[in-house]
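Each chain, letter by letter, is given below.
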Amino acid sequence: MRIDVVTIFPDYLAALDLSLVGKARRTGLLDLRVHDLRDWTTDRHRTVDDTPFGGGAGMVMRPDIWGRALDDVLGGPPAQSRLVVPTPSGEVFTQRHAEALAGEEHLVFACGRYEGIDARVAEHYRAAGVPVSELSIGDYVLNGGEVAALVMIEAVARLVPGMVGNPESLVEESHGAAGLLEYPVYTKPPEWAGLEVPEVLLSGHHGRVERWRRDEAITRTSARRPDMIEALDPATLDKHDLRL
Ligand SMILES: COC(=O)c1ccnc(N)c1
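From a predicted model like this one, the values you see are computed outputs, not experimental measurements.

> Can you lay out the overall build of the protein for me, pointing to particular residues and giving the numbers?
The number of helices and strands found in the protein is nine helices and nine strands. Across its three principal directions, the C-alpha atoms of the protein cover 70 × 40 × 40 Å. In the protein, which comprises 244 residues, the proportion classed as buried is 42%. Look at the contacts in the protein between residues 6 or more apart in sequence, and 73% of them connect residues 24 or more apart.

> I'd like to hear about helix H3 (residues 95–102), residue by residue, with values.
Within the span of H3, buried status applies to His 97, Ala 98, Leu 101 and Ala 102. End-on, the buried residues of H3 take up no more than an arc of 135 degrees, which puts them together on one face. Along its buried surface, H3 packs onto strand E5 (81–92), strand E6 (106–110), strand E7 (132–136) and helix H5 (146–157).

> Any details on the domain arrangement of the protein? Residues and values, ideally.
Its domain assignment divides the protein into domain 1 (2–157) and domain 2 (179–236). The straight-line distance from the C-alpha centre of domain 1 to that of domain 2 is 37 Å.

> Tell me about the side chain of Ser 133, residues and numbers included.
Here Ser 133 is to be found in strand E7. A relative accessible area of 13% means that Ser 133 is categorised as buried. Engagement of the side chain of Ser 133 in a polar contact is seen with the side chain of Arg 82, the distance being 2.8 Å. When near neighbours in sequence (up to four residues on either side) are disregarded, Ser 133 contacts Arg 82, Leu 83, Val 84 and Val 85.

> I'd like a rundown of the sheet that holds strand E1 (residues 2–7), residues and numbers included.
Pairing is parallel across the open sheet formed by five strands, whose spatial order is E2-E1-E6-E5-E7. Because the sheet does not close on itself, it has two edges, and the strands there are strand E2 (31–36) and E7. On average, each strand axis in the sheet is inclined to that of its neighbour by 25 degrees, with strand direction left out of account. Pairing of E5 with E6 involves four bridges; the strand directions are parallel. From the neighbouring strand, Leu 83 faces E6, where its bridge partner is Val 108. Strands E1, E2, E5 and E6 of the sheet are contacted by helix H2 (residues 63–75), whose axis makes an angle of about 165 degrees with E1. Packing of H3 onto the sheet brings it into contact with E5, E6 and E7, and relative to E5 it is tilted by some 170 degrees.

> An account of the pattern of salt bridges is requested, with residue identities and associated values reported.
Two side chains that carry opposite charge are able to pair once their charged atoms sit near each other. Summed over all chains, the structure comprises 16 salt bridges. Among the salt bridges present, the one from Arg 96 reaches Glu 99, with a minimum N-O distance of 3.0 Å. With Arg 96 and Glu 99 both in helix H3 and three residues apart, this pair spans about one turn of that helix. Assessed through its relative accessible area of 43%, Arg 96 is described here as partly exposed. Across the salt bridge formed by Arg 211 and Asp 241, the nearest N and O atoms sit 2.9 Å from each other.

> Can you break down the site of the ligand residue by residue, with the values?
Around the ligand, a shell composed of 13 residues is seen, among which Ser 136, Ile 137, Gly 138, Tyr 140 and Leu 142 lie nearest. A distance of 2.7 Å separates a nitrogen atom of the ligand from a polar atom in the backbone of Gly 138. Expressed as a share of its isolated accessible area of 300 Å², the protein-covered part of the ligand is 94%. Structurally, the ligand is housed in the largest pocket. The element best represented in the shell around the ligand is E5, accounting for three residues. Across the shell around the ligand, the residue classes tally to eight nonpolar, five polar and no charged.

> Requested: an account of the pairing of E6, with residues and values cited.
In terms of residue burial, E6 counts as a mostly covered element, since five of its five residues are buried. Residues of E6 alternate between two faces, with His 106, Val 108 and Ala 110 on one and Leu 107 and Phe 109 on the opposite face, all of them buried. Looking at chain direction, E1 and E6 are connected through five bridges and run parallel. Along E6, the bridge assignment pairs Arg 2 with His 106. Once the chain exits E5 it traverses H3 before rejoining the sheet at E6, and the crossover so formed is right-handed.

> Please set out the environment of Glu 99 residue by residue, giving values where relevant.
With a relative accessible area of 37%, Glu 99 lands in the partly exposed category. Placed 61 residues apart in sequence, Glu 99 and Val 160 show a C-alpha to C-alpha distance of 9.0 Å.

Definitions and limits used
- Residues numbered from 1 in each chain as written.
- Predicted model: local features only at pLDDT ≥ 70, side-chain atom pairs only at ≥ 80, totals over all residues.
- Heavy atoms only, no water.
- Helix = DSSP H or I, 4+ residues; strand = E, 2+ residues; numbered from the N terminus.
- Buried < 20%, exposed > 50% of the residue type's maximum accessible area, 1.4 Å probe, protein only.
- Contact = heavy atoms within 4.5 Å.
- Arc of directions from axis to C-beta.
- Domains from an automatic or database assignment.
- Polar contact = N/O pair within 3.5 Å; in protein donor to acceptor, adjacent residues only side chain to side chain.
- Pairing = 2+ DSSP bridges.
- Axes fitted to C-alpha atoms, helices over the stretch in contact; angles between N-to-C directions.
- Salt bridge = Lys/Arg side-chain N within 4 Å of Asp/Glu carboxyl O.
- Near = heavy atom within 4 Å.
- Areas by Shrake-Rupley, 256 points an atom, 1.4 Å probe, with all protein chains shown as cover.
- 1 Å grid on protein atoms, 1.4 Å probe; cavity = no way out; pocket = protein on both sides within 12 Å on 5 of 7 lines; lining within 4 Å.
- Sits in = over half its atoms within 2 Å of the grid points.
- Nonpolar A, V, L, I, M, F, W, Y, C, P; charged D, E, K, R; others polar.
- Right-handed = clockwise from strand over helix to strand, strands pointing away.

In structure tokens form, the structure reads like this:
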């Protein structure tokens, strides 16, 4: 999978050189490239923004600069690329989006700053047949799209086959295939701060452990995310032997 990120703060994406994503880049599992939008400016001040039409505070990022950058980044192989624009006005990014994006050949993240990117940029590329996803990572505003891009890239990259050691671990995670929050986890020591590990987890009885974990996932999800319980379809409950 190839991922390109266009930003005026390339150093923000330095975290992608670390840990699993960094390893995937070094092993070639992930072809991740970060570009400075200012490389496509032509004036001596390397200007990327201007005042908004219609007035109002702040500045808007210019479509001509973005157009030159995205034409270059989208232009090469692979043939089918998806443009992802992190924005507070986008559809809320979920694990389902991560799964869908992980199946793409090429993602291009356009990280906006200031009051955002001129709306004609997304419009232009949609009209040119490029799939465009305007995605929010939650109901709050950031100073730029870079942090959101980091979140989405990590959520997507870890789903790329070969990225995590044990793909099985991806199934039981929160928001995983069962559509529930993950059960609580424990490790040594068996007693800490006067608190003990649930007895069943020390029993060595795998069937009872599995039953306890499923019940805990339901309890936790019911308490914290009743909306996810509402969204569960009966087939999922049966498939994962879940009892509400
Ligand atoms: C400038 O971008 C944002 O403020 C942003 C992007 C994605 N999700 C958000 N919740 C905010």
